[in-house]
Amino acid sequence: MCGIVGYVGEKNATPILINALKKLEYRGYDSAGIAVLGNEDIIVRKAKGAIKYLVEKITGEVVKDSKNLSKEECEKAEAEYERQIEKTADFVKGNIGIGHTRWATHGEPSDLNAHPHTNVSGTIAVVHNGIIENYAKIKNWLQSQGVVFKSQTDTEVVAHLINYYYEQKKDIFYAVLQALKKLEGSYALGVVCKNFPDRVIAARKDCPLIVGVGNGENFIASDVPAILEYTREVHYLEQKEVAVLYADHVDLFNEDGEKIIREPSHVEWDLSAAKKDGYAHFMLKEIHEQPKALTDTLRPRLVIENNVPVDIKFDEFDFDENWKNAGRIVITACGTASYAGMVGRYAFEKFARIPVVVDAASEFRYRNPILKKDDIFIVISQSGETADTLEALRIAKKCGAKVIAITNTVGSSVSREADRVIYTWAGPEIAVASTKAYTTQLMCLYLLAIKMGEVRGTIAKDDYLRLLKQLEEIPEKAKQIVDNQPVIQKFASEQFNKEKIFYIGRLFDSASSMECALKLKEVSYMHSEAFAAGELKHGPIALVDNSTLVVALATEPALYEKIASNILEVKARGAATLVITQDCSGAFKNCADTTIQIPECENDLASIISVIPAQLFAYYCAVQKGLNPDMPRNLAKSVTVE
């Protein structure tokens, strides 16, 4: 996944493009570049590495690293960085341009492979997110026509292919349309042409792209945060749509060049949600935002009477006979979202007494799945653009299943193609490692499972009301945990050099442990795995020695003795141990080295908050190791290509 931006208007494009790229850096940070239409030529500047290296290359000034700075020092460094970005306008001047931040697929990260790419004469420049699957075939053909390539990327073929058709009619719009017909795979494209210095052309297929509509200026971007500073009116481009942006208007077309008339959508997000607000990293900020995100996701769905929650109601749909008579729940997702689905499986089976299948979308799409008419099919995706999840959704719809999507992104492909959509209202999540998106996904799944239990008659009325009251208290309990972060920070400072970290749990905790292990490996690069605690003796315990930390999640009182026994087993083999539990009776006092107590809550709901200490532990381990948890190596925020 990569991030692309574009601008056309009366202002200098350079700082606007770089500012927008900076807000999209979570989408790729192998390299970055811009192409700006100057007085006579397209000016291209590219640099390997993070956006700051592009700024340094343009201005000649070193951008100060804000790593390991205090909150006040971090704010000063950010302000200086912003000044340097504004200064780029003195070096690269022009009112139209495109930009790109890269997550490498074809070709190693380098200045040469960085986008934008141009045709041979440098009169056409292209930025691209996606994968051109038939690029080798096109490249061989273009080379037979005498075209000389400079990079190893699949994207460069797009620039040369557009140029081939441009030479036929000297019409850049015609050239783009013809080139798109030849491309196989996925793409979001931004194109500028020296001989058409009043416009930016954009197109998409299977990769997200939005058009921002401003006042005397217009934008393209891969994601909303890039342009929130400039406009809240956006077009979410549909499959195979093309947009032509001028300073004073935007034209939309289908793949055949026929004009489309559509009003833009209004974005409700607060601009401050896409800024660090003094936190050292977005990941830490987003961990701290979880109480609010959970509240925003929960409150609109609780029916309150006399200050007491009495029911669950989704404005998006009614719980009709399909829910009452469903034979099975099928959940599919990738990565963190799939682990939310695994917790959801326990919730649906516990509260609604219905069988649940949870499948990795990357597997589901290839195994000729068996779906039944009475299945309820749920897809989960923070971005709403995850390629495998989106394809699984389409397969389910072809099979006649009714699809419910849980996503954080209004206007995303998943939200548009599902039969019903439930938004998590988590706000922008910028850090690559998901935190608040995960816990709000859990909140939605719990709401669905509990309401389904009420509809199916598998939850008694008193228990239903008690669960609603317990759900209402979850955001405050999450706040208590994040307020207790110094305890977790201290523990991380003592354990960040462990070679192996194993997370264990039973039932709900077993599912939660998978997400805990993923967070740690994502941001700290520490080897971490999750096991069902009862499976330790069936192989994994062979790996335990004095270089191991074992973290046990223990929120099921009936299983405390079992977990305590597991802890003693690993301690006997030299492991350090931590228990994350809501127990206050001292059940683990004599076996665990360290205990982190979370607030007491309904046992079956504890998974929403038990993951938060593990998120903080992962964050502080990364910081202790001198890593940037917002931008883990080899990872991008959402995987929009296979």
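Conventions adopted
Residues numbered from 1 in each chain as written. Predicted model: local features only at pLDDT ≥ 70, side-chain atom pairs only at ≥ 80, totals over all residues. Heavy atoms only, no water. Pairing = 2+ DSSP bridges. Helix = DSSP H or I, 4+ residues; strand = E, 2+ residues; numbered from the N terminus. Axes fitted to C-alpha atoms, helices over the stretch in contact; angles between N-to-C directions. Contact = heavy atoms within 4.5 Å. Buried < 20%, exposed > 50% of the residue type's maximum accessible area, 1.4 Å probe, protein only. Phe/Tyr/Trp six-rings, centres within 6.5 Å; stacked < 30°, edge-to-face > 60°. Disulfide = S-S within 2.5 Å. Polar contact = N/O pair within 3.5 Å; in protein donor to acceptor, adjacent residues only side chain to side chain. Parallel < 35°, antiparallel > 145°, perpendicular 65-115°, else oblique. Left-handed = near helix turned anticlockwise from the far one by under 90°. Nonpolar A, V, L, I, M, F, W, Y, C, P; charged D, E, K, R; others polar. Salt bridge = Lys/Arg side-chain N within 4 Å of Asp/Glu carboxyl O. Core = buried A, V, L, I, M, F, W, Y, C linked by side-chain atoms within 4.5 Å. Expected span 1.5 Å × (residues − 1). Right-handed = clockwise from strand over helix to strand, strands pointing away.

**Notes on the sheet that holds strand 27 (residues 594-597)**
The parallel open sheet is built from 5 strands, whose spatial order is 24-23-25-26-27. Strand pairing shows two members of the sheet lacking a second neighbour, strand 24 (527-532) and strand 27, which therefore form its edges. The average angle at which neighbouring strand axes cross in this sheet is 20°, direction not considered. In terms of strand pairing, strand 26 (residues 576-581) meets strand 27 through 4 bridges, oriented parallel. Looking at the pairing, Thr581 lines up with Gln597 of strand 27. Packed on one face of the sheet, helix 17 (residues 508-524) meets strand 23 (500-505), strand 24 and strand 25 (548-554) and runs near 175° to strand 24.

**Examining the pairing of strand 9 (residues 210-213)**
Across 4 bridges, the pairing between strand 9 and strand 10 (residues 217-221) is antiparallel. When the sheet's bridge partners are listed, Gly212 is paired in strand 10 with Phe219. Taking the residues between adjacent antiparallel strands as the criterion, strand 9 and strand 10 are bridged by 3 residues, where Gly216 takes a positive phi near 75°. In this sheet, strand 11 (residues 233-236) lies alongside strand 9 in antiparallel orientation, the contact comprising 3 bridges. Note on strand 11: the bridge partner recorded for Ile210 is Tyr236.

**Observations concerning the side chain of Ser513**
By secondary structure assignment, the location of Ser513 is in helix 17. Look at Ser513 and you get buried, because its relative accessible area is 0%. Apart from residues no more than four positions distant in its own chain, Ser513 is found in contact with Tyr503, Ile504, Ala530, Phe531 and Leu553.

**Brief notes about the sheet that holds strand 7 (residues 185-193)**
Taken in spatial order, the 7 strands of this open sheet run 5-6-7-8-12-13-14, and their pairing is antiparallel. The strands lining the two open edges of the sheet, one partner per strand, are strand 5 (117-118) and strand 14 (259-260). Relative to strand 13 (residues 250-253), strand 12 (residues 242-245) runs antiparallel, the two being bridged by 4 bridges. Across the sheet, Ala243 pairs through a bridge with Leu252, a residue of strand 13. Against the sheet, helix 5 (residues 156-169) contacts strand 5, strand 6 (124-132) and strand 7, and its axis sits at roughly 125° relative to strand 6.

**Observations concerning the packing of aromatic side chains**
Applying the stated criterion across every chain yields a total of 17 aromatic pairs. A ring pair is formed by Phe173 and Phe253, whose centres lie 4.7 Å apart and whose planes are at 50°; its orientation type is tilted. Remark: Phe253 occurs in strand 13 and Phe173 occurs in helix 6 (residues 172-182); sequence separation between them is 80 residues. Across this residue pair, the class does not change: Phe173 and Phe253 are buried. When the ring of Phe502 is compared with that of Phe531, the centres are 5.3 Å apart and the planes differ by 65°; the resulting orientation is edge-to-face. Remark: Phe531 occurs in strand 24 and Phe502 occurs in strand 23; sequence separation between them is 29 residues. Grouping aromatic residues by their ring pairs yields a cluster made of Tyr346, Phe351, Tyr446 and Phe508.

**Let's talk about unusual backbone geometry**
Along the chain, His115 connects to Pro116 via a cis peptide bond; the corresponding omega equals 0°. Looking at the secondary structure, you find Pro116 in the loop between strand 4 (96-102) and strand 5. Its identity as a non-glycine residue notwithstanding, Trp425 has a phi of 50°, on the positive side. Residue placement: Trp425 occurs in the loop between strand 22 (420-423) and helix 14 (436-456).

**What about the state of the cysteines?**
Scanning all chains against the criterion turns up 0 disulfides. Cysteine Cys516 remains unbridged, with the sulfur of Cys621 as its closest cysteine sulfur at 13 Å.

**Examining the environment of Arg416**
Looking at where Arg416 falls in the secondary structure, it is placed in helix 13 (residues 413-417). Residue classification places Arg416 among the partly exposed positions, given a relative accessible area of 28%. Taking C-alpha positions, Arg416 is 9.1 Å from Gly384, a pair spaced 32 residues apart along the chain. The residues contacting Arg416, other than those within four sequence positions of it, are Arg204, Tyr236, Leu237, Glu238 and Gly411. There is a polar contact of 3.4 Å between the side chain of Arg416 and the backbone oxygen of Leu237.

**Topic: the packing of helix 17 against helix 19 (residues 607-624)**
Running from amino to carboxyl end, helix 17 crosses helix 19 at an angle of 20°, the nearest separation of the two axes being 9 Å. The pairing of helix 17 with helix 19 is recorded here as roughly parallel in orientation. The interaxial crossing formed by helix 17 with helix 19 has right-handed handedness. For the pair helix 17 and helix 19, the contacting residues are Phe508, Ser512, Glu515, Cys516, Lys519, Leu520, Val523 and Ser524 in the first and Ser607, Ser610, Val611, Ala614, Gln615, Phe617, Ala618, Tyr619, Cys621 and Ala622 in the second. Of the residues assigned to the contact of helix 17 with helix 19, the class counts are 11 nonpolar, 5 polar and 2 charged.

**Thoughts on the pattern of salt bridges**
Tallied over the full model, the rule gives 36 salt bridges. Beyond isolated ion pairs, a larger network of salt bridges with shared partners links Lys205, Asp206, Glu391, Arg394 and Glu417.

**A closer look at the nonpolar core**
The biggest cluster of nonpolar side chains holds 92 residues, and the ones touching the most others in it are Phe348, Ile378, Tyr446, Leu448, Ile450 and Tyr503. Not counting residues up to four positions away in its chain, the partners in contact with Leu448 are Phe314, Phe317, Phe319, Trp323, Phe348, Ile378, Ile406 and Ile422.

**A short note on the side chain of Thr14**
Structurally, Thr14 is set in helix 1 (residues 13-23). For Thr14, the side chain forms a polar contact with the main-chain oxygen of Val92, separated by 2.6 Å. Residues contacting Thr14, with those up to four places away along its chain left out, are Ile34, Val36, Thr88, Val92 and Lys93.

**Points about helix 10 (residues 335-351)**
Compared with an ideal rise of 1.5 Å per residue, which puts 17 residues at 24 Å, helix 10 spans 25 Å between its outermost C-alpha atoms and is within 8% of the ideal. Listed in full, the buried residues belonging to helix 10 are Thr336, Ala337, Ser338, Ala340, Gly341, Met342, Val343, Gly344, Ala347, Phe348 and Phe351. Downstream of helix 10 by one or two residues, Arg353 has phi in the positive range, about 50°.

**Points about the pairing of strand 24**
Note: strand 23 against strand 24, 6 bridges, orientation parallel. Within strand 24, the position partnered with Ile501 by the bridge is Ser528. Handedness of the crossover is the feature at issue here: the chain leaves strand 23, passes through helix 17, returns alongside strand 24, and the resulting connection is right-handed.

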